[in-house]
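# Chains, contacts and geometry: an overview
So you can see what is in the structure, the chains are spelled out below.
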Amino acid sequence: MSTFKQHSILPGFNLALGFTLLYLSLIVLIPLSAAFIRTAELTWSEFWSIVTTPRVLASYRLTFGVSFAAALVNAVFGLLVAWVLVRYHFPGKKIVDALVDLPFALPTAVAGIALTALYSGNGWIGQHLKPFGIKVAFTPLGIFVALTFIGLPFVVRTVQPVLEDIEAELEEAAATLGANRWQTFTHIIFPVLFPALMTGFALAFARAIGEYGSVIFIAGNMPMISEITPLLIVTKLEQYDYAGATALSVVMLVISFILLLIINLLQWWNRRSTQA
Amino acid sequence: MTTTITFPISGKTFRQRATEEPAWVRYSLVTVALLFLTLFLFVPLISVFYEALKKGVDVYLAAITAPDAVSAIKLTLTVAAIAVPLNLVFGVAAAWSIAKFEFRGKNLLITLIDLPFSVSPVVSGLIYVLVFGLQGWLGPWLAEHDLKIIFAVPGIVLATVFVTVPFIARELIPLMQAQGTEEEEAAVVLGASGWQTFWQITLPNIKWGLLYGAILCNARAMGEFGAVSVVSGHIRGSTNTLPLHVEILYNEYNFAAAFAVASLLALLALVTLALKTLIEFRNKQHQTLRGDA
């Protein structure tokens, strides 16, 4: 016991930690373990054949491909938005800054139906894309739009604080040494921002992979074409295929845990590089 | 630092800071950023209210006062009223043990608390079906005792609690870590009991962080769709929360009503953002006043 906890005169450790662990076990750990234990009832070859059917493989390709593209767009524009919010002044900046968090606060179902209405053939945006033969709603492009919306705040909110903390002296030194602004950005500022940018990218990517609510309205949900993996889990569940749904969930969970690990490493890198 | 740049062609002289971009670069970057945000944020937000009111105020009011909509509002409020206080107590307990004491495995515990954030909403619902559903671990026992959790309100509450576990804890942990333990130690040395120390020293120090976390937790609790959708069973007027009601109306091609109900959730999001910004603003001012900014 003496090595587990350092001595403190404050009371309540046992009660607080005990409650925390009990609550976490009942709400999070035991239910999560159910997915793994139920999947363990399958043999390895049964499991493998469930999670590698052509329809499932198509859903992985779609989910990961579109999530990656959306996270990439968010990395570029998130960096730009963070830069503009930290460095420049323009009217309405405070409101814009507050609204960046909208995708965190707006229920995903609301985002889903709003984007579908906008991008369908007669919607505000869709009708201007139609003459060019671009269809967004009910195609993978629609999924991309929804996932870009969902992931928007992540990069902005991870890059913003790092950008605010960059000391002016660094840039002044670069300028006195003859660097122009672009050189200062690419050689001085960007390397400092890079770990935060990667963290934001990974967070947006991880969120996009699991996203369900905003996507199902706009996707069209055609098997092999626009069906994401979370939707496939729901479909299997509705057909009472519990083994199939659980096996797919385990695949998703393992991927989420790997991403969580990567994000933790990136955050550690981020802290180190901003302190150095 | 200011450098004077002379343009040989125009002969004009103006001053530009060497650590600032030329004006045209600044204006273009602001324009592109705002265009992106307009397209992906502002237009979708405005369209919710536009679509909701398109058919007139009467249709709007009829949609949000329909019996099914009212029962969905009631259920959503009930679920949030259970989930937020539960996670509030959990958040305080977790932050108290993590921030005020040193023990082994602390980082692992913090990671476990954050876990629900990285689980897909659909999977969050499914794991409760595996525990409490008819095919689940406790399913036969529950059926024997005539208890229903999945496709009933308790399942919705559980799934909501799961997805909102981290919100308050992750606000409080860094806040309480930064505040340290000196004030509480002083109180204990002066003879205060544990609860007195908590209510009179700790709680006043963390009340704004607590409120901040609770507001974000509440927004997610009221808006959760995926996890709740899996465990709800979509029974109109009984296990339909607001987001699920939006889906039902939308799938029935009743767009005006779907957007009317959705506009209530969009308003909730805007109020959440306003309160969040207000608390952040207050904290910043407070820090400047105390001089530790």
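The structure presented is a predicted model; accordingly, all values stated were derived computationally and were not measured.

Moving on, we get to the overall build of chain A. The helix and strand tally for chain A stands at 13 helices and zero strands. Counting from the amino terminus, helix and strand elements in chain A follow one another as α-α-α-α-α-α-α-α-α-α-α-α-α. If one aligns the C-alpha atoms of chain A with their principal axes, the spans along those axes are about 75 × 70 × 35 Å. Evaluated residue by residue, chain A yields a buried proportion of 47% over its 276 residues.

It is worth spelling out the overall build of chain B at this point. Looking only at helices and strands, one finds 13 helices and two strands in chain B. Relative to a compact globule of 293 residues, whose C-alpha radius of gyration would be 19 Å, chain B shows 25 Å and is clearly more extended. C-alpha atoms of chain B, sized along the principal axes, occupy 90 × 65 × 35 Å. The burial tally for chain B puts 43% of its 293 residues in the buried class. Considering only residue pairs separated by 6 or more positions, chain B has 71% of its internal contacts joining residues 24 or more positions apart.

Now for the interface of chain A and chain B. Facing the 74 residues of chain A at the interface are 74 residues of chain B. Top element by residues in the side of chain A that touches chain B is helix α1 (residues 13-40) of chain A. It accounts for 14 residues. The class makeup of the residues in the side of chain A that touches chain B is 56 nonpolar, 12 polar and six charged.

Residues and elements named next belong to chain B. Under the domain assignment, chain B is made up of domain 1 (18-53) and domain 2 (56-290). Computed from C-alpha atoms alone, the centre-to-centre distance between domain 1 and domain 2 is 31 Å. Between domain 1 and domain 2, the contact holds six residues from the first and eight residues from the second.

For chain B, the average pLDDT comes to 90, and 93% of its residues sit at 70 or higher. Scored below 50 in pLDDT, residues 6-13 of chain B shows three contacts in the model against residues more than four places distant or in partner chains.

A separate point is helix α7 (residues 153-164) of chain B. An ideal rise of 1.5 Å per residue puts 16 Å on 12 residues; α7(B) measures up with 17 Å between its terminal C-alpha atoms. The element α7(B) is extensively covered by neighbouring structure, given that 10 of its 12 residues are classed as buried. Those residues of α7(B) lying buried are B:Gly155, B:Ile156, B:Val157, B:Leu158, B:Ala159, B:Thr160, B:Val161, B:Phe162, B:Val163 and B:Thr164. Buried-residue contacts for α7(B) involve α1 of chain A together with α3 (67-100), α5 (121-132), α8 (166-179), α10 (194-223) and α11 (226-232) of chain B.

Take the environment of B:Pro67 next. Mapped onto the elements of the fold, B:Pro67 is located in helix α3. Distance from B:Pro67 to B:Arg236, taken between C-alpha atoms, is 9.8 Å for residues 169 residues apart in sequence.

Our next topic: the environment of A:Gln160. Residue and element names in this part refer to chain A. Here Gln160 shows up in helix α8 (residues 140-165). Residue classification places Gln160 among the buried positions, given that 22 C-beta atoms sit within 10 Å. Contact partners of Gln160, with chain neighbours within four places excluded, come to Ala82, Leu85 and Val86.

What follows is about the packing of α3(B) against α8(B). Residue and element names in this part refer to chain B. At a minimum axis distance of 8 Å, the contact between α3 and α8 shows a crossing angle of 30 degrees. Judged by the angle between their axes, α3 and α8 are roughly parallel. Considering how the two elements wind past one another, α3 and α8 form a crossing that is right-handed. Where α3 abuts α8, its residues Asn87, Leu88, Phe90, Gly91, Val92, Ala94, Ala95, Ile98, Ala99 and Lys100 lie against Phe167, Ile168, Ala169, Leu172, Ile173, Met176 and Gln177. Here the contact of α3 with α8 is composed, by residue class, of 13 nonpolar, three polar and one charged.

Glancing now at the nonpolar core. Of all hydrophobic cores here, the largest spans 169 residues; its most connected members are A:Val110, A:Ile113, B:Val261 and B:Ala262. Per-element tally for this core: the top contributor is α3(B), with 15 residues. Here this core spans two domains, and each of domain 1 (18-53) and domain 2 (56-290) of chain B adds at least three residues to it. Apart from residues lying up to four places away in sequence, A:Ile113 is in contact with A:Phe217, B:Val246, B:Tyr250, B:Ala258, B:Phe259 and B:Ala262.

What follows concerns unusual backbone geometry. Residues and elements named next belong to chain A. You will see that Phe138, though not glycine, has its phi angle at about 65 degrees, which is positive. Checked against the element boundaries, Phe138 lands in the loop between α7 (126-129) and α8. Among the residues examined, Phe138 registers 20 C-beta atoms within 10 Å and is labelled buried. One non-glycine residue, Tyr240, lies in positive phi territory at about 60 degrees. Mapped onto the fold, Tyr240 is located in the loop between α12 (229-238) and α13 (242-275).

Analysis parameters
- Residues numbered from 1 in each chain as written.
- Chains lettered and ligands numbered in written order.
- Predicted model: local features only at pLDDT ≥ 70, side-chain atom pairs only at ≥ 80, totals over all residues.
- Helix = DSSP H or I, 4+ residues; strand = E, 2+ residues; numbered from the N terminus.
- Buried ≥ 20, exposed ≤ 12 C-beta atoms within 10 Å, placed from the backbone.
- Rg over C-alpha atoms; globule rule 2.2 N^0.38 Å.
- Contact = placed C-beta atoms within 7 Å.
- Nonpolar A, V, L, I, M, F, W, Y, C, P; charged D, E, K, R; others polar.
- Domains from an automatic or database assignment.
- pLDDT = per-residue confidence, 0-100.
- Expected span 1.5 Å × (residues − 1).
- Axes fitted to C-alpha atoms, helices over the stretch in contact; angles between N-to-C directions.
- Parallel < 35°, antiparallel > 145°, perpendicular 65-115°, else oblique.
- Left-handed = near helix turned anticlockwise from the far one by under 90°.
- Core = buried A, V, L, I, M, F, W, Y, C linked by C-beta atoms within 7 Å.

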